[in-house]
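# A look at the structure
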Amino acid sequence: MNVKKISALTLSAVMLGGLLAGCSSSPAKQGESAKEAGGKESVKLTFWFPGADKANDEYFNNAAKEFEKLHPNVQIETTVLPSAAEDIDTKLNAAKLSGTMPDVFSAYLAFMGSRGAKGDFAPLDAYISKWDEKADVMESAMTAGKYQDKTLGLGFFPAPEILTYRKDYFQEAGLDPNKPPATWEELASYAEKLTKRDANGNVTRAGFDIPYTSADVFVEPFLRQNGAKLIDEQQSVPVLNDNKAIEGLKFLVDLDSKKVSIPYNYQKKDEIPFVSGKSAMSFLQTTGISNLIKNNPDLKDKLGFAPVLKKETKVGFNGYRLFTIGNTSKHKEEAFEFIKFMMSNDQVWKRYKELKIPVVKKSLEKQFTDEDPAFNSVLMDYVKNGKGKPVVPWLSLYNKYIIQSYEEAISKKKSPEQALKDAQENVEKELKNISK
């Protein structure tokens, strides 16, 4: 806070004492405020965000400074967190115990259920209702942070996984490189045609990457495309063993039985067969695609991108990071002003240009797709038609059993029906134990 120096000769002892007290050099804690010389309240906001690389950290720190220039009475103290969700969770637990939860927090989607159930995030609906740009925000960004009919976060960082393919391999197999698969039937047909095997029948180049472990993000879209809920988020109950989910899992097991893939761990992105040229089709994160082209510039014109697959419905995987407000914040109005600033077209576009984060504003869609029509138009399809992890407080429990059921089915240890039936029973059993 800047306060003009006033001659002590013109002040009474009482006024001087008040001035000295107001200019204490000790930093203000969360929620503390004072009055500027002009009578305007001086506010300090704390803003926490996950770290990534230098560009990411610089962007968020600079954005905070830009906001301060526009709002001279607001000071933003930024904190760069570790990138791992487990480490962030530990920091949040400590902050909650010490009463220092951040005013604004860039949250992974996984936190919306776990933290939302604990009341750590403030509902944003009342603030959003008065926001004149709310209709310009894409539906997936607006609804990603909903928990029990309350909006606890605004999505700003879509993180889709896109079906990427090699155009040159398509041509080798006699397939049109400009017509990627759009349905399950086409995916299966293309995968068989694209697979190469040696004299002993071993796959030397996969037609389609089908992971064997840690594949929850891979399998979820297929089950949802077939109409499966997986979890009734409104009732907060699992729905893992319905017929739609079983049919979706069976499709993947049957496709794998045709030996069109090379087994791998879905979480080990550097081991994905596609990355080393040993596969024709694979689901990749946008950062993975960028890195692949960066490391192999000659691939730029050889990569194609398939829109979201459709069976009964059209849905891909699209995770999110979201802006939230701490429920204990004493400056929620100012916190939402900062969120509005971060969701402004200027900042959304700046995040795209500097960090390659897809836009979440409808008014920027054309400008975004015009920048790179082949890739960005497909990327936008995943942003619009994508869904991330379920928003429930027991997400880790769900993840455990959706992964286990997939691995049991894909390894043929259990039928898809039995694997999902067991998963349903196990989740229900553990939820009962938790509620006791």
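Being a predicted model, the structure only gives us computed values, none of them experimental.

## Considering the environment of Lys 167
Mapped onto the fold, Lys 167 is located in helix 7 (residues 167-172). Residues within four places of Lys 167 in sequence aside, it is in contact with Pro 177, Asn 178, Asp 301, Lys 302, Leu 303 and Gly 304.

## Points about the packing of helix 10 (residues 243-257) against helix 16 (residues 395-410)
Packing of helix 10 against helix 16 brings their axes to within 9 Å, and their N-to-C directions diverge by 40°. Note that helix 10 runs across helix 16; the crossing there is right-handed. Contact residues: helix 10 offers Leu 249, Leu 252, Val 253 and Asp 256, while helix 16 offers Ser 405, Tyr 406, Ala 409 and Ile 410. Residues belonging to the contact of helix 10 with helix 16 are distributed by class as follows: six nonpolar, one polar and one charged.

## Quick look at the pairing of strand 7 (residues 154-166)
Within strand 7, twelve of the 13 residues are buried, which leaves it mostly tucked inside the rest of the structure. Note: strand 7 against strand 12 (residues 281-285), five bridges, orientation antiparallel. Bridge pairing in strand 12 places Leu 163 opposite Phe 283. Two strands pair when backbone bridges link them, and strand 7 and strand 13 (residues 303-306) are joined in this way by four bridges, in the antiparallel orientation. Paired with Tyr 165 across the two strands is Gly 304, which belongs to strand 13.

## Side note on the packing of aromatic side chains
Throughout the structure, instances matching the rule amount to 33 aromatic pairs. With a centroid separation of 5.1 Å and an interplanar angle of 70°, the aromatic rings of Phe 47 and Phe 338 are classed as edge-to-face. One end of the pair, Phe 47, is in strand 2 (residues 41-50); the other, Phe 338, is in helix 12 (residues 332-342), and 291 residues separate them in sequence. Accessibility expressed as a relative area gives 1% for Phe 338, which makes it buried. Taking 5.9 Å as the distance between ring centres and 55° as the angle between the ring planes, the aromatic pair formed by Phe 218 and Tyr 266 counts as tilted. Here the residue Phe 218 occupies a position in helix 9 (residues 216-225), and Tyr 266 occupies one in the loop between helix 10 and strand 12, the gap between them amounting to 48 residues. Judged by relative accessible area, Phe 218 falls into the buried class, the value being 2%. Linked through ring pairs, Phe 47, Phe 49, Tyr 59, Phe 60, Phe 67, Phe 156, Phe 157, Phe 323, Phe 338 and Phe 341 together constitute an aromatic cluster. Cation over ring: Lys 356 sits above Tyr 352, and NZ or CZ is 5.1 Å from the ring centre.

## Brief notes about the pattern of salt bridges
For the structure shown, the criterion picks out 30 salt bridges. Here Lys 258 and Glu 192 are joined by a salt bridge, their closest N and O atoms 3.6 Å apart. Here Lys 258, found in the loop between helix 10 and strand 12, pairs with Glu 192, found in helix 8 (residues 184-194); they are 66 residues apart in sequence, far enough to count as distant. The class of Glu 192 is partly exposed, set by a relative accessible area of 39%. In this structure, the salt-bridge partner of Asp 216 is Lys 389, at a minimum N-O distance of 2.5 Å. In this pair, Asp 216 sits in helix 9 while Lys 389 sits in the loop between strand 15 (386-387) and helix 16, placing the two residues 173 residues apart along the sequence. Since its relative accessible area comes to 7%, Asp 216 is described here as buried. Classification of Lys 389 as buried rests on a relative accessible area of 11%.

Reading the values: rules and limits
Residues numbered from 1 in each chain as written. Predicted model: local features only at pLDDT ≥ 70, side-chain atom pairs only at ≥ 80, totals over all residues. Heavy atoms only, no water. Helix = DSSP H or I, 4+ residues; strand = E, 2+ residues; numbered from the N terminus. Contact = heavy atoms within 4.5 Å. Axes fitted to C-alpha atoms, helices over the stretch in contact; angles between N-to-C directions. Left-handed = near helix turned anticlockwise from the far one by under 90°. Nonpolar A, V, L, I, M, F, W, Y, C, P; charged D, E, K, R; others polar. Buried < 20%, exposed > 50% of the residue type's maximum accessible area, 1.4 Å probe, protein only. Pairing = 2+ DSSP bridges. Phe/Tyr/Trp six-rings, centres within 6.5 Å; stacked < 30°, edge-to-face > 60°. Lys NZ or Arg CZ within 6 Å of the ring centre and 35° of its normal. Salt bridge = Lys/Arg side-chain N within 4 Å of Asp/Glu carboxyl O.

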